[in-house]
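Reading the structure
The chain contents come next:
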Amino acid sequence: MDVPVRMGSPKGFWHPWGVDGHNAHTNVCSSAGRAGWHYWTGMDRPSADFANADVIFLTSAHLETGHYFNPHAQRITEARQRGAKLVVVDTRLSNTATHADYWLSPYPGSESAINLAIANYLLQNDLFDREFVRRWWNWQEWMEEAHPDKEATFESFLEELRATYQAFTFDYASRESGIKESVLAEVAAVVATAKSKFASHIWRSAAAGNLGGWQISRTLLLINALLGAIATEGGTYPNAWNKFVPKPMYVPSHPDVWNELTWPSEYPLSMNEMSFILPHLIEEGRGKLDVYFTRVYNPVWTNPDGMTWIDVLLDESKIGCYVALTPTWNETAYFADYVLPMGHASERHDLASYEQYDGQWVAFRQPVLRTYRNHNGEEITDTRVSNPGEVWEENEFWIDLSWRIDPDGALGIRRFYESQLRPGEKLTVEEYYSYIFENSVPGLPEIAEKEEVTPLRYMQKHGAFEVTKKVGKRYEEIIPTSELDDTVTNEHGRIYTRTPKPQNPNITPMGDPDPDEEGRRPVGVEVDGELMRGFPTPSGKLEFYSKTLAAWGWADQSIPWYIKSHIHPDNLNDGEMVLISTFRLPVQIHTRSANSKWLDEIAHTNPVWINPVDAERLGIRETGLVRVSSEIGYFVAKPWITEGIRPGVVACSHHMGRWKLNDDFNSYMMRTVALDSAGDDRRLVPKAAPKPFESNDKDTTRFWWQDVGVHQNLIFPVHPDPVSGMHCWHQAVRVEPAQPGDTFGEVYVDRSKSKEVFHRWLKMTRDAYTVSPDGTRRPRWLMRPLKPTKAASMLPPRD
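So, a few notes on the structure that sits alongside this text. Worth saying up front: this structure is predicted, and the values here are computed from it rather than measured. (Residues numbered from 1 in each chain as written. Predicted model: local features only at pLDDT ≥ 70, side-chain atom pairs only at ≥ 80, totals over all residues. Heavy atoms only, no water.)

Here's the deal with the overall build of the protein chain
Condition: Put simply, DSSP H or I for four residues or longer makes a helix, DSSP E for two residues or longer makes a strand, and each gets a number counted from the N terminus. Note on contacts: a residue pair qualifies if any of its non-hydrogen atoms lie within 4.5 Å across the two residues. With residues, only the protein chains shown are counted as cover, and all accessible areas are computed by Shrake-Rupley using a 1.4 Å probe. By the counting rule applied here, Lys and Arg register as positive and Asp and Glu as negative, while His and the ends of each chain are not counted. Where a charge lies is defined by one atom per residue type, namely NZ (Lys), CZ (Arg), CG (Asp) and CD (Glu).
Helices and strands together make up the secondary structure of the protein chain, namely 25 helices and 28 strands. With respect to the principal axes defined by its C-alpha atoms, the protein chain has extents near 75 × 75 × 65 Å. Across the protein chain, every contact between residues at least 6 apart in sequence was considered, and the portion connecting residues at least 24 apart equals 72%. Accessible surface, the protein chain as shown: approximately 30800 Å² in total, 49% of it carbon and sulfur. Side-chain charges of the protein chain comprise 83 positive and 107 negative groups, with the mean position of each set lying 2 Å from the other.

Here's the deal with helix α2 (residues 31-41)
Formally: Think of it in three bands: residues with accessible area under 20% of the maximum for their type are buried, residues over 50% are exposed, and the middle band is partly exposed, with areas taken using a 1.4 Å probe on protein chains only.
The element α2 is largely enclosed, with a buried count of 11 among its 11 residues. For α2, the complete set of buried residues consists of Ser31, Ala32, Gly33, Arg34, Ala35, Gly36, Trp37, His38, Tyr39, Trp40 and Thr41. Downstream of α2 by a residue or two, glycine 42 has a phi angle that is positive, lying close to 85 degrees.

A closer look at the sheet that holds strand β13 (residues 464-469)
Inclusion rule: Only when DSSP finds a minimum of two bridges between them are two strands counted as paired. To obtain an axis, a line is fitted to C-alpha atoms, over the contacting stretch when the element is a helix, and the angle between two such axes runs from 0 to 180 degrees between their N-to-C directions.
Sheet architecture is open: three strands sit in the order β11-β12-β13, paired in antiparallel fashion. Because the sheet does not close on itself, it has two edges, and the strands there are β11 (350-352) and β13. Strand-to-strand twist in this sheet, taken as the mean axis angle between neighbours without regard to direction, amounts to 15 degrees. Bridge count between strand β12 (residues 359-365) and β13: five bridges; the pairing is antiparallel. In the strand pairing of β13, tryptophan 361 is matched with glutamate 466. The strands touched by helix α18 (residues 429-439) are β11 and β12; relative to β11, the strand with the most contacts, the crossing angle is about 30 degrees.

Section: the packing of aromatic side chains
Here is the rule we go by: Stacked, edge-to-face and tilted labels apply to pairs of Phe, Tyr and Trp rings (six-membered ring for Trp) whose centres lie within 6.5 Å, assigned for plane angles under 30 degrees, over 60, and everything in between, in that order.
Considering all chains together, one arrives at 50 aromatic pairs under this definition. Where tyrosine 354 meets tryptophan 361, the ring centres are 6.0 Å apart and the plane angle is 75 degrees; that geometry is what we call edge-to-face. For the pair shown, tyrosine 354 and tryptophan 361 are each scored as buried. Ring pairs connect the aromatic residues Trp40, Trp137, Trp139, Trp142, Phe154, Phe157, Tyr165, Phe168, Tyr172, Phe544, Trp561 and Tyr562, which therefore count as one cluster.

Quick word on the sheet that holds strand β17 (residues 530-532)
Spatial strand order, β14-β15-β16-β17: four strands in an open sheet with antiparallel pairing. Looking at the sheet topology across the chains shown, the edges are occupied by β14 (488-489) and β17. Examined bridge by bridge, strand β15 (residues 494-497) and strand β16 (residues 521-527) share four bridges and lie antiparallel to one another. Note on β16: the bridge partner recorded for isoleucine 495 is glycine 524.

A word on the packing of helix α4 (residues 111-124) against helix α7 (residues 154-165)
Heads up, the rule is: An angle below 35 degrees is treated as roughly parallel, one above 145 as roughly antiparallel, one from 65 to 115 as roughly perpendicular, and anything else as oblique. For any pair of crossing helices, the crossing counts as left-handed if the nearer helix is rotated counterclockwise from the farther one by less than a right angle, and right-handed if it is rotated clockwise. Here the term charged refers only to Asp, Glu, Lys and Arg, the term nonpolar to Ala, Val, Leu, Ile, Met, Phe, Trp, Tyr, Cys and Pro, and the term polar to all other amino acids, Gly among them.
Two elements in contact, α4 and α7, have axes separated by 9 Å at closest approach and are oriented at 140 degrees. Overall, the two elements α4 and α7 adopt an arrangement that is oblique. Where α4 crosses over α7, the two elements pack in a sense that is left-handed. Residue-level contacts link Leu116, Asn120, Leu123 and Gln124 of α4 to Leu161, Arg162 and Tyr165 of α7. Class assignment of the residues belonging to the contact of α4 with α7 gives a composition of four nonpolar, two polar and one charged.

The following block contains the structure:
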């Protein structure tokens, strides 16, 4: 199978031929956290109202510690000042944990056991919102499917629910997590006081680290769902109701092909593309890439098993041409045929909207120098003219490239980049954003008219616009009669209509449940005789019971449950410890911030956190080095002996250990290395530390650090979760003092072992060819940007 262009989904401009970017990255980032939310709500991430909460419950930390768009720290601090309680569940002592009323440092992967013990406490003591559960859970489906011998009444459901979770006692959770039973009981009692003002958050952390991590997300949301704390003041909203993504000028038609290299049949429930196993699939002979684009993505460094990426990128029979679109130099760019520098935030036009509070807004980012020069009388129509180094802004790059690929429009690509005002001419960014602001942002044209300016000029001047506030419980919205035509209501209250779906200017992704057998679309759900909007799930309700999971071979995980992680003590060999590699220091963002000198001065290295008990047992001293060995290799690093990590667990921060292959350029954060290859052996050998250098910035002669950490991800084999598709980051490792000849920053990998691990985890899957209930490759209601057509979604005959 030849794949002419790597299909993906760009974060900004819609274009019909795709790049590997944001969504490809989520299976090494957040797919497990998303999956837990999606199977409950049809939406894929939380938006906690921390400012108004009475109890804040964080699994790890908040978004501001690893992202850059949510003022969570401020709102949590303000809530605590007025008396809100803060619970932080994090094996590592984070900055957030130091401010907590309760810091729980559990054994990694046991978080679901803690969540279920709290849920069991609420159930057994009748401390939950019975009416919310009765009205908005799909409990009838669970009773009919899992307990067909019982009468499907609400009281019978509660009886079965209590019986189902009664084994998750504080004693059981204590034995799994290592947290004292009395502490868990105290925390559960605090949670119960919150009622509907319970704000919870999970994103990566435990969900990203563990096999079955998506159930950690799902069990946490179970607590919200019991308390009725969903889309309430002080509770937790689904992100799609607090975010606004305006519909663009052009949206391509649904593709009529399925890409087997990014959505292989072994992972039919994967929340996002399986890009991190792409080189393994190519090496197996499943296909090749003629052209491979990446945008703001550094797979050699960011993904697990980067040596496999290097091998495949160097083999032109597997990847014919590789193009790296990146705003900063990165490790993967060394192996690119073309490196195309893309503009940073201040060097491009872009839209932004993030879930931050009970409202929706959209912001307009502009290239600073182009805007400045235009305000001063110049007419700059190409951002490259004003950007330093003639750097492209991404919008204009895609427009120009598409016109060059399809100059006469015969391929059907150019039409997505053609002016509507001047047919036959290129679309400009001004026209593109003018269209969006005039047609896809409700209320903006009217506000702009009051100022006697165009919507584009309004956004250029003000930068942001609030679309709506106080969204509230959108699921309780009454369906207007204009949407009800020839309706049918199924036995569980799901309402279907023949009325076409209204054009929605907000295209924030969410679930898209299937029509009924006669083609009616789902429009809402009947609750106590009222026709309400409900949730974008197959049932229209919160899906405590996922019929999707049950139908696709995972009936044993169809309700919130506890999956023992791949690094559970039962699964470790003698002498192994757990390595947590998922945490970030809050001043760095992946490899994107490596050129920020002040951030680099604050955080530039990643020692291995180790508890004093373990350090003493293993003979490790802070003056020496440690060797950390996974099942495919090892790295050599410096230790940091601290009580900020529990015994039996070590930790090493993300985003450090940057490297370069030569001295062609200088860097604050990259050591010079050599890559050695012999048979299946791969080595990253340090050659020189970064050092001060002369430039037009005097600070480059003043930077004082040489310790830039170690590239730990290279020794991580791929661990794709068989349900969510998420790479399970936590590692079973052996930790020991460095051996004679070991060098700080050194990395060794055995490629033959990485292949063995890939195939071992592949055997854990339940292939669509075996489990698909309807012949499709993937449940069609699950989120996916611009999902393929129904025909393309059908499983083809196997050879």
